[in-house]
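Residue-level structural notes
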Amino acid sequence: MDSNSVSPMPPLAIMENEKTPPGTPNGDMPPPPDEKRYEEDPDNAWNACSWCEYMLIVILSTILLVGVLILTLFWVMFYRGGFAWSDKPSQQFNLHPILMIAGFVTLSGFSILIYRLCRCMKHIYVKLIHMFFHAAAIPCIALGFLSVFDSHNVLQKVNFYSLHSWLGFVTMGMFVLQFVIGFFSFLVMLCCENKTYSCRSAMVPIHASLGLANFWLAIATSVTGIIEKERETAKDPNLSEDNRLIEHYITSAIGITLVVIGIIVTFAVRRTNAPASAKVYVTERI
């Protein structure tokens, strides 16, 4: 063969060249939509201990999230005189703890856990369910705020005078901000999925961290509210000593349950061995 002739390209190099279209960058790019997700990799299959841990978290968190709402409802119905609206301001106030715990703790807690633990459907459906639970919490929070605000005005009490009230104000503001940012960043921006990938990637850890901080802030606000109400109850001359003692036990149980819920939700969100994968945190999922 003539030494000046060009040697043909090896067959393997030709195949590799055909696989890579012209103009395709070699840098790190977002994975294509049809690429297999990490959690579908058989190398990351769970063992029996992982599944037991998963089921324990799901069952225990469900019992506590529903149980704290039922316990609060029991306390208000049997020891605080039930519910009413503006015609009975004392009973109108009783809507406040029920609705706030329902919105900020029960519904928001389920929303966080569903996003983290639910892997039985497409990720877009998980996002929609996550948003639905947060959206369902909005009317509960709004009515809970209106009930206490209206009750204080009728009883001529000062609004925003305690640590509890200011913590609640900050919690509501952060909740609204989180909902708006999450809605536009992770749902609306999906219409341009490839172009907004880097922006959504940058927003994920911020949204997840602020969401968990907002959940703990809601728990702290609920606990301070229970303490504030218990102090008012101690000054009530119409309340018998036995009922005062029973209420003390009930409110203490509510406060402890709220703290345990915060610990379990934080553990479920931040643990490394999760349904998403054995390596990827929720803050890395978009």
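Within each chain, residue numbers correspond to sequence positions counted from 1 in written order. pLDDT decides what is reported in this predicted model: residues at 70 or higher carry local features, side-chain atom pairs at 80 or more are listed and counted, and totals for whole chains, interfaces and linings draw on all residues regardless. Hydrogens and waters are ignored; side-chain quantities use all the structure's heavy atoms.

Okay, the environment of valine 259 next. Tracing the chain through its elements places valine 259 in helix H8 (residues 241-270). Each residue gets one of three labels from its accessible area relative to the maximum for its type: buried under 20%, exposed over 50%, partly exposed in between, using a 1.4 Å probe on protein chains only. The class for valine 259 is partly exposed, based on a relative accessible area of 35%. On a C-alpha basis, the gap between valine 259 and alanine 220 in space is 8.4 Å, while along the polypeptide they are 39 residues apart. By the convention used here, residues are in contact when the closest approach between their heavy atoms is within 4.5 Å. Setting aside chain neighbours within four positions, we find valine 259 in contact with Trp216 and Ile219. Put simply, DSSP marks the helices as runs of H or I at least four residues long and the strands as runs of E at least two long, and each gets a number from the N terminus on.

Between N-to-C directions, angles cover 0 to 180 degrees, with each direction set by a line fitted to C-alpha atoms, over the stretch in contact for helices. One can describe the packing of helix H4 (residues 95-117) onto helix H7 (residues 197-234) by two numbers: an axis separation of 10 Å at closest approach and a directional angle of 150°. The angle between the axes of H4 and H7 places the two elements in the roughly antiparallel class. As for the relative orientation of H4 and H7, their crossing is left-handed in sense. On H7, the residues touching Ile101, Phe104, Val105, Ser108, Gly109 and Ile112 of H4 are Gly211, Phe215, Ala218 and Ser222. In these notes the angle categories are as follows: under 35 degrees is roughly parallel, over 145 is roughly antiparallel, 65 to 115 is roughly perpendicular, and the rest is oblique. Left-handed is the label given to a crossing in which the near helix is rotated counterclockwise from the far helix by less than a right angle, and right-handed is the label when the rotation is clockwise.

This part is about H4. Under the convention used throughout, the expected extent of a helix is 1.5 Å for every residue step, that is, one less than its residue count. Compared with an ideal rise of 1.5 Å per residue, which puts 23 residues at 33 Å, H4 spans 31 Å between its outermost C-alpha atoms and is within 8% of the ideal. Axes are fitted to the seven residues ending at a residue and to the seven starting at it; the angle between these axes is taken as the bend at that residue. Its axis deflected by about 35° at alanine 102, H4 carries its strongest bend there. Within H4, 22 of the 23 residues are buried, which leaves it mostly tucked inside the rest of the structure.

With that settled, consider the confidence of the model for the protein chain. Caution applies to low-pLDDT parts of the model: their predicted coordinates are not meant to be read in detail. pLDDT gives the predictor's per-residue confidence on a scale running from 0 to 100. Looking at the protein chain, pLDDT values average 80 and 78% of them are 70 or higher. When the elements of the protein chain are averaged for pLDDT, helix H1 (residues 11-19) gives the smallest value, 45, and H4 the largest, 93. The low-confidence segment residues 11-29, where pLDDT is below 50, has one contact with residues more than four positions distant or belonging to other chains.

It is the contact of H4 with helix H6 (residues 163-186), at a shortest axis distance of 13 Å, that shows an interaxial angle of 45°. One element, H4, and the other, H6, form an angle in the oblique class. The crossing of H4 and H6 is left-handed. The residues of H6 that touch H4, namely those facing His96, Met100, Phe104 and Ser108, are His164, Thr171, Met172 and Phe175. Basically, the charged four are Asp, Glu, Lys and Arg, the nonpolar ten are Ala, Val, Leu, Ile, Met, Phe, Trp, Tyr, Cys and Pro, and anything else, Gly included, counts as polar. Grouping the constituent residues of the contact of H4 with H6 by class yields four nonpolar, four polar and no charged.

The next subject is the packing of aromatic side chains. For Phe, Tyr and Trp, where Trp contributes only its six-membered ring, two rings pair if their centres lie within 6.5 Å, and the inter-plane angle classes them as stacked under 30 degrees, edge-to-face over 60, or tilted in between. Per the counting criterion, the structure on display carries 11 aromatic pairs. Between phenylalanine 104 and phenylalanine 175 the ring centres are 5.7 Å apart and the planes differ by 90°, which places this aromatic pair in the edge-to-face class. With phenylalanine 104 in helix H4 and phenylalanine 175 in helix H6, this pair connects stretches of sequence that are 71 residues apart. Between phenylalanine 183 and phenylalanine 184, the aromatic rings sit 5.4 Å apart at their centres with planes inclined by 90°, giving edge-to-face as the arrangement. Ring pairs connect the aromatic residues Phe145, Phe149, Phe160, Trp166 and Phe169, which therefore count as one cluster.

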